[in-house]
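# Breakdown of the fold
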Amino acid sequence: MSQELKKIKIINGPNLNMLGKREPEIYGSVTLDQINSDLDKKAKPLGIDLGFFQSNHEGAIVDKIHEFFNENIKGVIINPGALTHTSVALRDALLLLSCPIVEIHLSNIYKRESFRHKSMLADIATGQVCGFGHYGYQMALNAIANRINES
Ligand code: DQA
């Protein structure tokens, strides 16, 4: 009997469309397309159907999260970029969801400028992965898949 694939959404915020070109000494040389296609390959054997969204606009990300509210979403992996440190609107939108949420950052935000040490999401996320570059997205996917299978 075929099992229904579980839906997980991957959201990337401002400037993450420039991965590969953007400060490669901090964020690496892998592009967002490469990250997403690697994740897609990993997802199917885990019984997961991934959806990808990137925007440079806070409101567009909030609107997208509102769409998730009416779907049967099993998890969200989000790298909010700079919105991590500023966005109450993003925090409030994520609070609408009852599924596991993993906050991810390529860089270790706690080793960087002090304004990056504060995350508006850290205390509402299920967990946080940071400092492992593009590999962190795969860690987040494994973690969320594990959480879903346990529940
Ligand atoms: C980031 C860290 C943020 O501080 C920064 O604004 C980003 C990327 C990361 O993935 O390391 O845009 O979220």
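Anyway, here's the lowdown on the structure attached to this text. Small disclaimer: the values here were computed from a predicted structure and weren't measured.

What counts as what
- The numbers attached to residues start from 1 for each chain and follow its sequence in the written order.
- In view of the model being predicted, local features appear only for residues whose pLDDT reaches at least 70, and side-chain atom pairs are presented and counted only at 80 or more, with totals across whole chains, interfaces and linings using the full set of residues.
- Hydrogens are left out, water is left out, and the side-chain values use all remaining heavy atoms of the structure.
- To qualify as a helix, a DSSP run of H or I must reach at least 4 residues; to qualify as a strand, a run of E must reach at least 2; elements of each kind are numbered from the N terminus.
- The reference for a compact globule is 2.2 Å times residues^0.38; the radius of gyration itself is calculated from the C-alpha atoms.
- For every accessible area listed, the method is Shrake-Rupley and the probe measures 1.4 Å; residues are considered covered only by the protein chains on display.
- Note that His is not counted, nor are the chain ends; the positive residues are Lys and Arg, and the negative ones are Asp and Glu.
- Every charge is mapped to an atom, namely NZ of Lys, CZ of Arg, CG of Asp or CD of Glu.
- A side-chain nitrogen of Lys or Arg and a carboxyl oxygen of Asp or Glu constitute a salt bridge if their distance falls within 4 Å.
- Partly exposed describes any residue whose relative accessible area lies between the buried limit of under 20% and the exposed limit of over 50%, with all areas from a 1.4 Å probe on protein chains only and scaled to the type maximum.
- Throughout, nonpolar core names a set of buried Ala, Val, Leu, Ile, Met, Phe, Trp, Tyr and Cys residues whose side chains join them through atoms within 4.5 Å.
- Here a residue-residue contact requires only that any non-hydrogen atoms of the pair lie within 4.5 Å.
- Note on definitions. A residue lies near a molecule or strand when any single heavy atom of the residue is within 4 Å of it.
- Any N or O atom pair separated by 3.5 Å or less is treated as a polar contact, with the protein-specific requirement of one donor-capable and one acceptor-capable atom, and with residues adjacent in sequence counted only for side-chain atom pairs.
- Pairing between strands requires that DSSP locate at least two bridges from one strand to the other.

## Observations concerning the overall build of the protein chain
The helix and strand tally for the protein chain stands at five helices and five strands. For the protein chain, the N- to C-terminal ordering of α and β elements is β-α-α-β-α-β-α-β-β-α. Relative to its length of 151 residues, the protein chain is compact, with a C-alpha radius of gyration of 15 Å against a globular reference of 15 Å. Taken along its principal axes, the extent of the C-alpha atoms in the protein chain is 50 × 30 × 25 Å. Per element, the accessible surface of the protein chain, about 8000 Å² overall, is 50% carbon and sulfur. When the 16 basic and 16 acidic side-chain charges of the protein chain are each reduced to a single mean position, those positions are 4 Å apart.

## Digging into the pattern of salt bridges
Scanning all chains against the criterion turns up seven salt bridges. Among the salt bridges present, the one from E71 reaches K9, with a minimum N-O distance of 3.7 Å. Linking E71 in the loop between helix 3 (58-69) and strand 3 (73-79) with K9 in strand 1 (residues 6-12), this pair joins segments that are 62 residues apart in sequence. Overall, the relative accessible area of 16% leaves K9 in the buried class. Here E67 ties to K64 by a salt bridge, and the two come within 3.1 Å at their closest N and O atoms. Here K64 and E67 lie together in helix 3, a separation of three residues that amounts to about one turn. It is possible to trace a salt-bridge network through shared partners that takes in K7, K9 and E71.

## A closer look at the nonpolar core
Counting 23 residues, the largest nonpolar core has I8, L50, I77 and L141 as the members making the most contacts within it. For this core, the secondary structure elements donating two or more residues are strand 1, helix 2 (32-43), strand 2 (48-54), strand 4 (101-105) and helix 5 (135-150). No other element matches helix 5, which puts six residues into this core. Ignoring any residue separated from it by four or fewer positions in sequence, one finds I77 in contact with I8, K9, I10, I11, V102, I104, A140, L141 and I144. Among the nonpolar cores identified, the runner-up in size contains 17 residues, and I11, V76, L90 and I101 belong to it.

## A short note on the site of the ligand
Inspection of the region around the ligand gives R22, Y27, N79, G81, A82, H85, H105, L106, S107, I109 and R116 as its neighbouring residues. In the environment of the ligand, an oxygen atom lies 2.6 Å from a nitrogen or oxygen atom belonging to the side chain of S107. In this structure, R116 approaches the ligand through a side-chain N or O atom, which is 2.9 Å from an oxygen atom. In the complex, the protein chains occlude 99% of the 320 Å² of accessible area that the ligand would expose alone.

## Brief notes about the pairing of strand 1
Burial of strand 1 is extensive: five of the seven residues sit out of reach of the surface. Pairing analysis gives seven bridges linking strand 1 to strand 2, with the strands arranged parallel. Each bridged residue has a counterpart across the sheet, and for N12 the counterpart in strand 2 is Q54. Alignment of strand 1 against strand 3, held across six bridges, turns out to be parallel. Bridged to I10 within strand 3 is I77.

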